[in-house]
Amino acid sequence: MFFRLYFYSIRQTVRQKLIMFWSLIFPVILGTLFRAAFGGFMEEEVIFHQIPAAYVAEEGASQTFAETLKSLEEDSELVEVLETDSGKAEELLKEEKVEGIYYNRASDIEEGEKVTLTVTKQGMSQSILSSILEQYQRVFHTMGQIGRENPSGLKAAAEVLGRQRQYLKEGTISETPKSAMTDYFYALIAMNCLMGVSMGLQIAVGFKANLSDLAARRVVSGTSRYGMMMPDLAAKITIQFLCTVFAVCYLMFALKIPLGNKFGFILLTTLVGSLVGIFLGFFIGAVGTYKESVKEGICVSCMLFSSFLSGLMMGNMYRFLENNAPIVNRINPASLIVKALYSLDIYEGYEKYTQCMVSLLVIVAVLGAGAFALVRRERYASI
Amino acid sequence: MQVFKVFCKVTNKHKSQFLIYVIIYLFIAIAMSRSIQESKVMEFDKVSLKVAVENEDQGELGKGLVSYLKGNNQIKKIPAGTEALKDAMYYQEIDYVLVIPQDFTEQFAAGTGEELLEGTAVPGSSTASLIENEIRQYLDTVEMYLAAGINASRAVELSAADMKREAEVNFLEENDSQPLSSGFYFFQYVPYVFLVIMILGLGAVMKTFRDKDLSARNKCSAMSFLQQNVQIILGCILFTLAVFAFFMAMAFCLYRTYMCSIQGLLSAVNALVFSICAASIAWFCVQFVRSMPELNVLSNIFSLSFSFLGGVFVSLELMSEGVQKAAKFIPSYWYVIANREIQKVESFAQAGSIYQLYLVVLVFALAFFAAGLLVNRMKLRTV
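Here the structure is a predicted model, which is why all the values come from computation and not from measurement.

Regarding the overall build of chain A
Helices and strands together make up the secondary structure of chain A, namely 16 helices and five strands. What you see for chain A is a C-alpha radius of gyration of 30 Å, clearly larger than the 21 Å of a compact globule of 383 residues, by over 25%. Principal axes of the C-alpha set define a box for chain A whose edges measure 100 × 45 × 35 Å. A total of 383 residues make up chain A; the buried ones form 55% of that total. Excluding contacts between residues fewer than 6 apart, the proportion of contacts in chain A whose partners are at least 24 apart in sequence is 71%. Carbon and sulfur atoms make up 59% of the accessible area of chain A, which amounts to about 16,900 Å² in all.

Quick look at the domain arrangement of chain B
Partitioning chain B into structural domains gives domain 1 (2-40 + 181-382) and domain 2 (48-169). Centre-to-centre separation of domain 1 of chain B and domain 2 of chain B, based on C-alpha positions: 50 Å.

A short note on the domain arrangement of chain A
Buried accessible area, meaning the area lost when the parts come together, often serves as the stated size of an interface. Per the domain assignment, the segments of chain A are domain 1 (2-41 + 179-375) and domain 2 (51-156). Centre-to-centre separation of domain 1 of chain A and domain 2 of chain A, based on C-alpha positions: 54 Å.

Some points on the environment of V289 of chain B
Residues and elements named next belong to chain B. Following the sequence through the fold, V289 ends up in the loop between α13 (262-286) and α14 (292-310). Assessed through its relative accessible area of 9%, V289 is described here as buried. Separated by 98 residues in sequence, V289 and P191 place their C-alpha atoms 22 Å apart.

Overview of the packing of aromatic side chains
Evaluated as defined, the whole model comprises 43 aromatic pairs over all chains. Relative to F108 of chain B, the ring of F104 of chain B has its centre 5.7 Å away and its plane inclined at 50°; by these criteria the two rings are tilted. In this pair, F104 of chain B and F108 of chain B are both assigned in helix α5 (residues 104-110), four residues apart and thus about one turn of the helix distant. For the pair F104 of chain B and F108 of chain B, a shared accessibility class is recorded, and that class is buried. Arranged with centres 5.5 Å apart and planes meeting at 85°, the rings of F194 of chain B and F247 of chain B form a pair that is edge-to-face. Here F247 of chain B lies in helix α11 (residues 225-254) and F194 of chain B lies in helix α9 (residues 190-209), a separation of 53 residues in the sequence. Each member of the pair, F194 of chain B together with F247 of chain B, is buried. In this structure an aromatic cluster arises from ring pairing among F34, Y184 and F185 of chain A together with Y189, Y192, F308 and F313 of chain B. Residue placement shows R218 of chain A over the ring face of F207 of chain A; its charged tip is 4.5 Å from the ring centre.

About the thresholds
Residues numbered from 1 in each chain as written. Chains lettered and ligands numbered in written order. Predicted model: local features only at pLDDT ≥ 70, side-chain atom pairs only at ≥ 80, totals over all residues. Heavy atoms only, no water. Helix = DSSP H or I, 4+ residues; strand = E, 2+ residues; numbered from the N terminus. Rg over C-alpha atoms; globule rule 2.2 N^0.38 Å. Buried < 20%, exposed > 50% of the residue type's maximum accessible area, 1.4 Å probe, protein only. Contact = heavy atoms within 4.5 Å. Areas by Shrake-Rupley, 256 points an atom, 1.4 Å probe, with all protein chains shown as cover. Domains from an automatic or database assignment. Phe/Tyr/Trp six-rings, centres within 6.5 Å; stacked < 30°, edge-to-face > 60°. Lys NZ or Arg CZ within 6 Å of the ring centre and 35° of its normal.

This is the structure in structure tokens:
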């Protein structure tokens, strides 16, 4: 009987377009959206575009900084310099056609100090412009200092400037290069797993006589409730798992997101994640006598809220919680899924991964036990 | 006002559901604004990172480097063993690990060998490159002194002094330098929250009136079609205003000084304009749904896609140019731009461009309303 009911349940679930949409299509849409939004960041192609900056030099000002800017423009394509007068430069800055203005004054103070930067906001481009100036001034000051301490060494010091020495060796803590954006995709996988709440809710609806006619019929039948429930659960878990696998494959192979190379373990994580999703929905459905629409609302809100806490909408949410309320990161299913995937990527051993998985399984056990206890021997005086 | 009364009754019937959404999304908006504010402060001010340093070097250079890094960062003791190190990184206790080898000073002075230091960033951390840049600049300076024939201890001393120099950065207008207020971050997330609440809330009520039998009954009633619609529209306006008023009251409680300023008032108008747009998107969505779960799907698609592509969750600067161009066809993009512009305004007379942005969002509202009408008409014909 188990397998007959199992296959019936699979057919029944697959025919529910809405549920299939949530589990199958929605993650694909969201993944594509993420890819569009972070596309540039992932490929590092557009972030470091040339930064437009205006350069205003007073009459008689030294040409050294202008030359430095020119070399930065031509050799490293870091900035795009527009030499103009003060009025025009301010106009351009206000219209946001340039990100900052370098003013080079002709005065008697030390050479490096004559240049200042004017901006309208604080952002990535402004930081880069400011660090260009800072570096220039520091080098200038250093050269001046050498001139005072040991003038004969100036030439040797200038030669150092031209050399690009690599001082730092990348540590060997993790082999996979990871972008900050990957966490968004982990959170997306976590959300996809938790989308099982809709299917979980359907199981509960099928056994709560006040919610559906099917449940009313089942409750009065002679067959054991568990005998009917188990195939249903197994079928929903199977479908949810397959949907999640589809989404993971779409991310990894179609969108080419680097999610690590432990594919088997990623699948295992999604299986346990799907279990959490299904049992969460099942539990919410089993609690109380609220209408299905209310429960549906709670399910979707829980799923979205949990995903939000794991960093689906804000990349630094995990860190924020770790600093302010670490307990949330230890019990929130989506955070645990994200962390399990993350630890697969950075650790060679599986200790942290196992910890996350055990926590997830404990959540499954608690939700499952709660849901079974609530559905078990439920009797209705009137519906 | 029979229809209006029914509208209110239906709304009242769904109140528990609405309350869940309002509370959850209010919490999300507050948590998001808090967490982004924290990360933004880190991004633009002098970044202070938690750096674990293992200094095995006996010479001056190692000590000099550590004391230089101490100036801006928190130096922590390196945890013993790779696993402990990984744990510390996993729980974000440290951001960067730097190992200075035994004979660093000698090797560096001899100018032999590259990659002398071993630096490891937490995978996925975007701030690590900043500290690498600091180390590189410092060592470049030391190398210049050494090349000029100045001894190591003096070179370390002079380099530390040089590195303290900062570029002079001015702001074009005085209030440009003000950090963005927390009120700004609260309003940043309003589009997401309003879209979800309007589509789910208004959608749920409007859907009731679109029920096939009910609308057929209403059509043959004595009340004119126009009168019925006017009352429904009145109901929608009341609902929109209620949601808007609730969020503004919250904003007023949390960010009183901001809300009492010109910026606060303009932000509130911006939110009101967007709430009208969200209401008309809800009207558009309701044309396609037959049940509450379907509405749930649409609310998530619209809210998440408009928020991700419109620059609500992810800064617009991070997106590629193509995506930015596409984002211009999304109302939340204009809302986000207006929200940013509002922070620069000092008087109502300066807010000319902001009024234009309001107008753009209102045009979107009109477009969605018209599109909804069109779909409505087309569906009426096919019945």
